[in-house]
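Geometric and topological summary
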Amino acid sequence: MIRKILLGYDGSASANKALDFALQLARTCASELHVLAVARPPEFGDEVETKAVIENSRRHYEQVIGGVRAKLANETLTTRFDVVIGHPAEQLVRYAESNGIDHIVVGHRGQTLFERWLIGSVARQVIAYAPCAVTVVRHRPP
Amino acid sequence: MTEIWTQAALWLALALIATLAAIWLRIATALSEIVVGTIAQLIIGAALGSALLAGDASWLKFLAGAGAILLTFLAGAELDPVVFRQQWKRATLIGLVSFAAPFLGCAAIALWGLGWTPQASWLAGLAMSTTSVAVVYAVMLEFGLNTTEYGKVVLAACFVTDLATVIGLGVIFAPFTIKTLIFLGVGAVAFVVLPWLTPRFFRRYGNRPSELEAKFLMLCLFGLGALATWADSEAVLPAYLIGMVLAGTVGKNHALIRRLRTLTFGLLTPFYFIRAGSLVSLPALVAAPAAFVILLATKMVTKIAGVYPVTRAMGSPRQEAAYTTLLMSTGLTFGTISALFGLSHQIITQAQYSALVAAVIGSAVVPTLIANAFFLPRHLLGAAEQDSSRVPDTPAEEPARRTSS
């Protein structure tokens, strides 16, 4: 029984594909849909700039989440929207644990080689550490 | 003027390259600018002569110095004065431990281990004592600890650590003369008057396209900076203090802070950090890398030895205490400022400066890598295993870190 679905959303094309999938799943299972955006500070930060990046990133994701909120306004589903700060995979797993999420849906998109070396793919980390089932939705550009 | 515009264009091209690299690599722009400055000096200096970058030109020194002053002011203005007043005793204790352990440890290693002069050793201790408040702030947000008493104390403590560093920089190397007394007297008056005067002045004449606020703040910063250097002290000392005393008023004006950040990051700090990088001698660093490694290791060990027991004593879980403590070992801005102060005042040699800046860069990278490799996200699994029966269906904890729901 899938009662609560968590969607990791960043506004990218793959995240939009993941949104469509999560929405369909939530309708089918009559589940709650939680949409989480993660504003991310620089990997190696510094004074002042880190706070500025967090503020900018937070504002950006609040706009991004606002778009999803508007899109889901006419849905009868129970929805919840959050913007948090940190590493995306860590925050998704943390949120899933503390909210009793039954299923996580994330998009998958290419990252730079450096990011892969440094932290690995977000989707891969979520799969490794999630307390529940995970669906990774791939976006293939036309 | 053609020569100046050409040099300015070259430096801004380097700044642009550094910014793009920072975006691609998801690292702080300051870090990228230092590295780009070092590499550019090596390549351009070898190919076309070191005069082309002209890091000692007076106009460039002014832009770089103004960048350091404004950046320090903005760092001080991030203080939360209400929290600091509430938690100042514990924050001061942790902050001073966080300062003193690496300061004394690195100074001792430099003096007895590396054979540096006493003055150079004190400078090394100062450069390695810093903590990046912003990095710890980001960690607190990640853990949702920014609204807890523990998080507030640790954040306030980081300001105390950096304050101790800038006071050390302004006091240790300055001879105590009548000039020092005049500087301290005028500074004390300014720090009392400014929090009263500034908000009233801004309310009466501010919010106009003429940017009166920026002019007024820069007048105060440059004026007290001039007084500090006249007294053989350091201009970033009054800048940080002005930032702290205005944090409750100017610091809350987000629009003004954003405009000041634009000026600082867009024009001034690239000159500061690229210049700091261009003064690093890679050949000297490669010839004697031990100093860099030893200083970095000493900073991390002493910081952890000093801060970790205190955070544990305050009831922080082991994993989070370790993560927080590791990230308190980071510190790029004030470390670079201290090292450049030492070089420009001939307290340290270029080889010592190169080792110090490399250690400072290492302190911005290595603790974060270790913290992420060993504590992210594995600590969550540990927490989940220990607490697997905990409230799976209740609303999310740590609501303060959420911005919408």
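Residues numbered from 1 in each chain as written. Chains lettered and ligands numbered in written order. Predicted model: local features only at pLDDT ≥ 70, side-chain atom pairs only at ≥ 80, totals over all residues.

At alanine 30 of chain A, a position not held by glycine, the phi torsion is positive, near 55°. Relative to the helices and strands, alanine 30 of chain A is located in the loop between α1 (13-29) and β2 (32-39). Owing to 12 C-beta atoms within 10 Å, alanine 30 of chain A belongs among the exposed residues under this scheme. At glutamine 346 of chain B, a residue that is not glycine, the phi angle is positive and equals roughly 55°. Along the chain, glutamine 346 of chain B turns up in the loop between α15 (333-344) and α16 (350-375). (Helix = DSSP H or I, 4+ residues; strand = E, 2+ residues; numbered from the N terminus. Buried ≥ 20, exposed ≤ 12 C-beta atoms within 10 Å, placed from the backbone.)

Here the focus is the pairing of strand β4 (residues 103-108) of chain A. Residues and elements named next belong to chain A. Extensive coverage of β4 is indicated by the burial of five of its six residues. Where strand β1 (residues 4-8) meets β4, four bridges bridge the pair, whose relative direction is parallel. Bridge pairing in β4 links leucine 7 to valine 105. Two elements, β4 and strand β5 (residues 133-138), share six bridges in a ladder whose sense is parallel. Within the sheet, the bridge partner assigned to isoleucine 104 lies in β5 and is valine 134. (Pairing = 2+ DSSP bridges.)

With that out of the way, let us pick up the sheet that holds β4 of chain A. Residue and element names in this part refer to chain A. Strand order in the open sheet formed by five strands is β3-β2-β1-β4-β5, and the pairing between neighbours is parallel. Edge strands, defined here as strands with exactly one partner in the open sheet, are β3 (79-85) and β5. Adjacent strand axes in the sheet meet at a mean angle of 20° when their direction is disregarded. On the sheet, α1 packs against β1, β2, β4 and β5 and is oriented at approximately 155° with respect to β4. Packing of helix α3 (residues 88-99) onto the sheet brings it into contact with β1, β2, β3 and β4, and relative to β1 it is tilted by some 165°. (Axes fitted to C-alpha atoms, helices over the stretch in contact; angles between N-to-C directions. Contact = placed C-beta atoms within 7 Å.)

Moving on, we come to the environment of isoleucine 54 of chain A. With respect to the secondary-structure elements, isoleucine 54 of chain A resides in helix α2 (residues 49-71). When the C-alpha positions of isoleucine 54 of chain A and proline 41 of chain A are compared, they lie 5.6 Å apart, and in sequence the two are 13 residues distant. Look past the residues within four positions of isoleucine 54 of chain A in its chain and what remains in contact with it is Ala39, Pro41 and Ile85 of chain A together with Ala138 and Leu141 of chain B.

All names here are of chain B. Inspection of the secondary structure assignment puts leucine 123 in helix α5 (residues 118-127). Each C-alpha atom of the pair leucine 123 and cysteine 106 lies 9.4 Å from the other, and the pair is 17 residues apart in sequence. Discounting residues that sit within four places of it in the chain, leucine 123 has contacts with Ser338, Gly342, Ile347 and Ile348.

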